Amino acid sequence: MGEPGAWGEVTAGLRVSRPVLVARLLELDAAGALTTAHVRAGAQVGGVNVRTVWRWLDAARTEGRMERRPRARLELPDQMWEVLAQAGGNVAALHRHLKAAGGEVPSLASLHRVVRRDLEAGRVLPDRAVVRRERDEQQTRQALADLALAGPQGGGAVKTSAPPRLGPEATSGLPVGQSGALAGVALPAGAQLVRTSWVRAVAEAVGQAMASQGAVCVFGDPGRGKTAAVRMALHEVPPGWKVTWVPVPVRPSVAGMRRAVFDALGLAGRFPHTSALADAAVTGALGEARVLVVDEAQRLPVPCLEYLQSLWDHPGTRVTLVLCGAGSERALSGLPQLASRVVAWQEVPRLTGAEVATVVTGFHPLWRTVPAADLTWIDRSCAHGTFRTWAALTAHLQNALLTIADASIDRALLRRLFQRVAPPL
């Protein structure tokens, strides 16, 4: 009994990792000198029992593996996080949903572990009320779209037909319309995007920046269609290019901006625990040609702009930076180093009086029944050349025609709708 105690005192402070221990035992085995005493000693310094060491040796001989067999990491897709948010964070409700859907379902304890792990890593669970409100709004928009496409079934409402798909031959000089199915752009039912002169100017500016891998600033007052113009410009990029939209966090900091870029790039795995590792992952992903679009850039303080500049200046990245937002040109004035790298400053102006009739009749078929003089009056009285106001007015007008019996587009109806789209003075 004295010898094991003495041996335990000798090995008490020794700890050897599995790969080192197995490699040494295999050397002894290859030399024909391996004995059970070596295995018992290895179990002592490895902190495991003798049978475990023999299993390690067997795995090394048969599989060539000296490390632990890697376990598959359980990940929850974004759809399951949405279900969890709708359930108010109730993991048991998510587990019931998965079981009802069929297929292989992890245990409830495993789901709890995964949710806790991702929340501790920085994943934010949306508020249930917000998720429910967004779902209801989406259902309402879809219902209005279905009504517009199908036409009213009764009740004396004014009939509206589905908008025709206009091509270059049928526009008679009008700007060419595009389908409203463009990610990130919400349009009233039946509306279509219109390639105005300033949309073409934004596309040209972005193209110039991509050619030189520079930066472009798209600015202008709110509601003029800056974001839609950039999305139209980047809807089809040349082969080999990718487009990433980076959302600006609320009260942005450098740490928050780093996380926003990491998430926008869709990088695999958990967010790194150090900024150096996160920056290495981001710059690695930016090694391929990519357009990095930062909307609402006017909210970025100078340190966040410096972070974006550091990504762009990194020798291993190939980035075209698009900064978009009302006042983004003023935000860049606080960082002359980045402002000097902007190859194109593109303003999106208001619609002029001469453009209004052409643009809005190409935007939605409802306006084609309104005389040009009334369109000018609407713009002068309410819209003031702001495209977002025209879009909101279109949605209200469409809804009124679908829900009010014997409604007609006249100035009395339009004056009532003006009060919905413009705040009281």
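So, how was this worked out
- Residues numbered from 1 in each chain as written.
- Predicted model: local features only at pLDDT ≥ 70, side-chain atom pairs only at ≥ 80, totals over all residues.
- Heavy atoms only, no water.
- Helix = DSSP H or I, 4+ residues; strand = E, 2+ residues; numbered from the N terminus.
- Buried < 20%, exposed > 50% of the residue type's maximum accessible area, 1.4 Å probe, protein only.
- Contact = heavy atoms within 4.5 Å.
- Areas by Shrake-Rupley, 256 points an atom, 1.4 Å probe, with all protein chains shown as cover.
- Phe/Tyr/Trp six-rings, centres within 6.5 Å; stacked < 30°, edge-to-face > 60°.
- Lys NZ or Arg CZ within 6 Å of the ring centre and 35° of its normal.
- Expected span 1.5 Å × (residues − 1).
- Arc of directions from axis to C-beta.
- Polar contact = N/O pair within 3.5 Å; in protein donor to acceptor, adjacent residues only side chain to side chain.
- Pairing = 2+ DSSP bridges.
- Axes fitted to C-alpha atoms, helices over the stretch in contact; angles between N-to-C directions.

The protein chain goes by ATP-binding protein in an unreviewed UniProt entry, where it is assigned to Streptomyces sp. SID14436.

Undergrad: Any chance you could explain the overall build of the protein chain here in plain terms?
TA: A count of helical and extended segments in the protein chain gives 19 helices and seven strands. Every one of the 425 residues in the protein chain was classed for burial, and the buried ones make up 39%. Expressed as a percentage of contacts within the protein chain between residues at least 6 apart in sequence, the contacts between residues at least 24 apart total 70%. A total accessible area of about 23,300 Å² is found for the protein chain, and carbon and sulfur atoms account for 54% of it.

Undergrad: Sorry if this is basic, but what is going on with the packing of aromatic side chains here?
TA: Given two aromatic rings, their pairing is described by the distance between the two centres and the angle made by the two planes. Inspection of the entire model under this criterion finds five aromatic pairs. Between Trp-198 and Phe-387 the ring centres are 6.4 Å apart and the planes differ by 75°, which places this aromatic pair in the edge-to-face class. Residue Trp-198 is found in helix H9 (residues 197–212), and its partner Phe-387 is found in helix H18 (residues 387–403); the two are separated by 189 residues along the sequence. What makes Trp-198 buried here is its relative accessible area of 6%. The ring of Trp-245 is capped by Arg-231, whose NZ or CZ atom sits 3.8 Å from the centre of that ring.

Undergrad: Help me out: how do you make sense of helix H7 (residues 108–120) in this one?
TA: Residues three or four positions apart in an α-helix share a direction because the helix packs 3.6 residues into each turn. Look at H7: 18 Å from first C-alpha to last across 13 residues, which is about the 18 Å you get at 1.5 Å a residue. Taken together, the buried positions of H7 are occupied by Ser-110, Leu-111, Val-114, Val-115, Arg-117 and Asp-118. For H7, the angular spread of buried residues about the axis comes to 160°, placing them on one side. Against helix H5 (78–86) and helix H6 (91–101) lie the buried residues of H7. Trailing H7 by a residue or two, Gly-122 shows a phi angle of about 115°, which is positive.

Undergrad: I'm lost on the side chain of Arg-258 in this one. Help?
TA: Tracing the sequence through the fold places Arg-258 in helix H11 (residues 254–264). Among the polar contacts listed, one links the side chain of Arg-258 to the side chain of Asp-279, at a separation of 2.8 Å. Each residue touching Arg-258, except ones within four places of it in the same chain, is listed here: Phe-271, Ser-275, Ala-278, Asp-279 and Tyr-307.

Undergrad: Just checking my understanding: could you explain the sheet that holds strand S5 (residues 290–295) for this structure?
TA: In a beta sheet, neighbouring strands are held together by backbone hydrogen bonds and run either parallel or antiparallel to one another. Read across the open sheet, the five strands follow the order S4-S5-S6-S3-S7; overall the sheet is parallel. Both edges of this open sheet fall to strand S4 (242–246) and strand S7 (342–347), since each of them pairs with a single strand only. Each strand of the sheet is rotated relative to its neighbour by a mean of 15°, with strand direction disregarded. Pairing of S4 with S5, which is carried by five bridges, proceeds in the parallel orientation. For Trp-245, the partnering residue across the bridge sits in S5 and is Val-293.

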